[in-house]
Amino acid sequence: SYTTRLLLVHGRWNYRRMCKLILYCFYKNFCITLTLFYYAATAAFSGTSVYDSWVYVSFNFHTMLPICAVGALDQDVRAETVMQFPALYLTGRLNLDLN
């Protein structure tokens with residue numbers, strides 16, 4: 001039925017995409033923050049910034065492109081496979097994707 005397909009197939013795909021997006025954003029922000037802390041420590045915590053404001057904007061723009069492509073195109077298994085094996089939805093219920 002329509003709701004079964006909507007929940008099992010599209011719900012599973014959306015959940016996995018959201019998990020990848022959240023983990024990617026944490027990783028991306030961790031990388032830029034780590035460089036800022038490193039620079040602050042080497043600059044004797046003087047308050048100077050290693051990046052100009054345009055670097056932050058371009059960093060967020062350029063790192064947004066890969067995750068948008070993943071979000072639009074990612075399908076780990078085919079829809080027919082998910083419908084045949086509903087146990088694949090179990091990874092989301094057990095929180096295995098967002099770890």
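Quick summary incoming for the structure in this document. (Residues numbered from 1 in each chain as written. Predicted model: local features only at pLDDT ≥ 70, side-chain atom pairs only at ≥ 80, totals over all residues. Heavy atoms only, no water.)

**Concerning the pattern of salt bridges**
Scanning the entire structure with this criterion turns up five salt bridges. With its nearest N and O atoms 2.9 Å apart, the salt bridge here joins Asp-74 to Lys-20. Highlighted residues: Asp-74 in the loop between α2 (53–73) and α3 (79–84) and Lys-20 in helix α1 (residues 2–42), separated in sequence by 54 residues. Residue Asp-74 is classed as buried on the basis of its relative accessible area of 17%. Residue classification places Lys-20 among the partly exposed residues on the basis of a relative accessible area of 33%. The shortest N-O distance in the salt bridge between Glu-80 and Arg-78 comes to 3.2 Å. Each of Arg-12, Arg-16, Asp-76 and Asp-97 takes part in a single network of salt bridges with overlapping partners. (Salt bridge = Lys/Arg side-chain N within 4 Å of Asp/Glu carboxyl O. Helix = DSSP H or I, 4+ residues; strand = E, 2+ residues; numbered from the N terminus. Buried < 20%, exposed > 50% of the residue type's maximum accessible area, 1.4 Å probe, protein only.)

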